[in-house]
Amino acid sequence: LFVLAGVEKPDQVVDQLVEEKLLHRLTLDKGKFHLLHSEVFQYLCDRIEKFLGVEHKRTPLNATVERSRLIRYSQDTSADLWEACLAALEEEGRIVFRTRGLALAKWNPELSQREQDLLGRIIAAYREATLQPPEASQLAERFGERQEIVESLFPVALDQGLLVRI
């Protein structure tokens, strides 16, 4: 194609287009790379961001989305391209990687005031307990809540770094 176009130094042309951000170079295994038009790459990044938003809305109490839940959206995209998009989104500050998954940078779990209060009481109970952390059933009884409600707040506390799993 370069020969037909009369290009004598295709590597220089490609490097210039990458430098001008018209092409996006994806580095693959063994020194290979793939070139993709920047608008197409951006479109894929936008799609991933949209998919992440959809998953956040499905589980509004969770601060993150596990990668495995996003895989179903990536079936028409190579793993290398998917990872490159995630890296670009993180670099741009649009998503964040956390211990339990990833999230939109501006996403916060949608807790009701009652859930926020209960979460605060749970965290306080863990701080008071020091080396003898209470069981969910004990917290539920102590706070007059159903155990399922108490347990539903543990992932939020873990995702936000308020509790640490040992």
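The structure presented is a predicted model; accordingly, all values stated were derived computationally and were not measured.

What counts and how
- Residues numbered from 1 in each chain as written.
- Predicted model: local features only at pLDDT ≥ 70, side-chain atom pairs only at ≥ 80, totals over all residues.
- Heavy atoms only, no water.
- Helix = DSSP H or I, 4+ residues; strand = E, 2+ residues; numbered from the N terminus.
- Buried < 20%, exposed > 50% of the residue type's maximum accessible area, 1.4 Å probe, protein only.
- Contact = heavy atoms within 4.5 Å.
- Areas by Shrake-Rupley, 256 points an atom, 1.4 Å probe, with all protein chains shown as cover.
- Lys, Arg positive; Asp, Glu negative; His and termini not counted.
- Charge placed at Lys NZ, Arg CZ, Asp CG, Glu CD.
- Expected span 1.5 Å × (residues − 1).
- 1 Å grid on protein atoms, 1.4 Å probe; cavity = no way out; pocket = protein on both sides within 12 Å on 5 of 7 lines; lining within 4 Å.
- Points joined across faces, edges and corners; volume = space filled by probe spheres on them.
- Nonpolar A, V, L, I, M, F, W, Y, C, P; charged D, E, K, R; others polar.
- Pairing = 2+ DSSP bridges.
- pLDDT = per-residue confidence, 0-100.
- Axes fitted to C-alpha atoms, helices over the stretch in contact; angles between N-to-C directions.
- Parallel < 35°, antiparallel > 145°, perpendicular 65-115°, else oblique.
- Salt bridge = Lys/Arg side-chain N within 4 Å of Asp/Glu carboxyl O.

(A) Main features of the overall build of the protein. Assigned secondary structure in the protein consists of seven helices and four strands. Reading the secondary structure of the protein in the N-to-C direction produces α-β-β-α-α-α-β-β-α-α-α. In terms of its C-alpha atoms, the protein occupies a principal-axis envelope of roughly 80 × 30 × 25 Å. Buried residues in the protein amount to 35% of all 166 residues. Long-range contacts, defined as pairs at least 24 residues apart, comprise 50% of the intrachain contacts of the protein with a sequence gap of at least 6. For the protein, the exposed area adds up to about 11200 Å²; of that, 52% sits on carbon and sulfur atoms. Taken as two groups, the 22 positive and 27 negative side-chain charges of the protein have centres that lie 3 Å from each other.

(B) Structural view of helix α7 (residues 147-159). Listed in full, the buried residues belonging to α7 are I149, V150, L153, F154, V156, A157, L158 and D159. Residues of α7 that are buried make contact with β3 (95-98), α5 (113-129) and α6 (136-143). G161, located one to two residues past α7, shows a positive phi value of around 75 degrees.

(C) Structural context of α5. Across its 17 residues, α5 extends 24 Å between first and last C-alpha, which sits within 8% of the 24 Å expected from 1.5 Å per residue. Where the residues of α5 are buried, they touch α6 and α7.

(D) A look at the layout of surface pockets. Roughly 420 Å³ of internal volume is contained in the largest pocket. Lining of the largest pocket is provided by 15 residues; of these, Y126, L163, V164, R165 and I166 occupy positions nearest its centre. Sort the elements by how many residues they give to the lining of the largest pocket and α7 lands first, with three residues. Along the lines of polarity and charge, the residues of the lining of the largest pocket split into eleven nonpolar, one polar and three charged. Each pocket or cavity is described by its volume, and for the second largest pocket that value is around 270 Å³. Lining the second largest pocket are V18, K21, L23, H24, R25, S38, F41, Q42, A88, E91 and E92. Of all elements in the fold, only β1 (23-27), α2 (38-58) and α4 (79-91) reach the threshold of two or more residues within the lining of the second largest pocket.

(E) Representation of the pairing of strand β4 (residues 101-104) in the model. For β3 and β4, the ladder comprises four bridges, and the chain directions are antiparallel. Looking at the pairing, V96 lines up with A103 of β4. Here β3 hands over to β4 after two residues, the two strands then running antiparallel side by side.

(F) Summary view of the confidence of the model for the protein. Summary statistics for the protein give a mean pLDDT of 88 and a share of 98% for residues scoring 70 or more. When pLDDT is averaged over each element of the protein, α6 comes out on top at 96 and helix α3 (residues 67-70) at the bottom at 85.

(G) Main features of the packing of α2 against α4. As a packed pair, α2 and α4 sit with axes 9 Å apart at the nearest point and diverge in direction by 80 degrees. Between α2 and α4, the crossing angle belongs to the class labelled roughly perpendicular. Here α2 contributes F41, L44, C45, I48, E49 and F51 to the contact with α4, which in turn contributes L81, W82, A84, C85, L86, A88 and L89.

(H) Structural view of the pattern of salt bridges. The full count for this structure, using the stated rule, is twelve salt bridges. R72 is the partner of E55 in a salt bridge, and the nearest nitrogen-oxygen pair spans 2.5 Å. Taken as a pair, E55 in helix α2 and R72 in the loop between α3 and α4 lie far apart in primary sequence, 17 residues in all. Residue class for E55 comes out buried when judged on its relative accessible area of 1%. A residue is classified by how much of its surface remains accessible, and R72, at 45% relative accessible area, is partly exposed. Across the pair E83 and R67 runs a salt bridge whose closest N-O atoms are separated by 2.7 Å. One end of the pair, E83, is in helix α4; the other, R67, is in helix α3, with 16 residues separating them in the sequence. You can call R67 partly exposed: its relative accessible area is 35%. Bridged by salt links that share partners, the residues D46, E49, E92 and R94 form one connected network.

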